[in-house]
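Chains, contacts and geometry: an overview
Residue strings, one per chain:
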Amino acid sequence: MSQPAEFEMLAEELFTLSRELLQKMDGFYPHAAFVNKEGRLEMLALHLGEHPDPGEVHEGLVALLREQAGAKGYRATGIAADGRATNPADGEKADAILVFLEAPSSQAITIAMQYRKTAEGYEYATTFGFKRAQRCSVRTSWQAPDNKALHQTRRRGVPASR
């Protein structure tokens, strides 16, 4: 079964922001995006206090998207989280950016991008995906350095015919 075009747009935006946050802050809280009924990508934030548990942020975003998706006609939704994933090609378990994607017209998928920190910054592996989140786990602790938070809102359109 082919995946909706919105998945590619969501994954690209969520991976880009996640990599930026890793570079600037050495970690990140879960963040989300959705493609609205007009085909525009919008970011979604959830504030749970100064130093929320990343697992609670992830679960809060899942609940918020599920609550709003049907009523507001979202075409697709995505959540990015910092975690760990096992690469099915070589069995290696490593730190990874995890992007969870859902759409009413498709099966939910998870895409993982393993990474490692080097002296020069971060190196990222090729992404891999699977239909279930059984090979990954969301990081349950992280604190932004110096109480800094990075807030960004991005929008990008996709033709309504997609």
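Everything below is about the structure printed above this text.
Small disclaimer: the values here were computed from a predicted structure and weren't measured. (Residues numbered from 1 in each chain as written. Predicted model: local features only at pLDDT ≥ 70, side-chain atom pairs only at ≥ 80, totals over all residues. Heavy atoms only, no water.)

1. A closer look at the overall build of the protein chain
The test is simple: Helix numbering and strand numbering both begin at the N terminus, where a helix is a DSSP run of H or I of at least 4 residues and a strand a DSSP run of E of at least 2. Note on classification: 1.4 Å probe, protein chains only; a residue is buried when its accessible area is under 20% of the maximum for its type, exposed when over 50%, partly exposed between these limits. Any two residues whose heavy atoms approach within 4.5 Å at even a single point are treated as in contact. The accessible surface values rely on the Shrake-Rupley method and a 1.4 Å probe; as for residues, cover is taken only from the protein chains in view.
Counting its secondary structure elements, the protein chain contains 2 helices and 9 strands. Each helix and strand of the protein chain, placed in order from N terminus to C terminus, yields the pattern α-β-β-α-β-β-β-β-β-β-β. Split into buried and exposed, the 162 residues of the protein chain put 47% on the buried side. Long-range contacts, defined here as pairs at least 24 residues apart, represent 61% of the contacts in the protein chain between residues at least 6 apart. Working note: accessible area of the protein chain is about 8900 Å², and carbon and sulfur atoms make up 47% of it.

2. Section: the packing of aromatic side chains
Keep this limit in mind: The pairing test for Phe, Tyr and Trp rings, Trp by its six-membered ring, is centres within 6.5 Å, and the orientation test on the planes gives stacked under 30 degrees, edge-to-face over 60, and tilted for anything in between. As a reminder, the over-ring test applies to NZ of lysine and CZ of arginine, requiring each to be within 6 Å of the ring centre and within 35 degrees of the ring normal.
The final tally for this structure, using the stated rule, is 5 aromatic pairs. Measuring from ring centre to ring centre gives 5.6 Å for Tyr-115 and Tyr-122, while their planes differ by 70 degrees; the resulting arrangement is edge-to-face. Taking the relative accessible area as the measure of exposure, Tyr-115 reaches 10% and is therefore buried. Each member of the aromatic cluster is reached from another via a ring pair, and the members are Tyr-115, Tyr-122 and Tyr-124. If you follow Arg-19 out to its NZ or CZ, it ends over the ring of Tyr-124, 5.9 Å from the centre.

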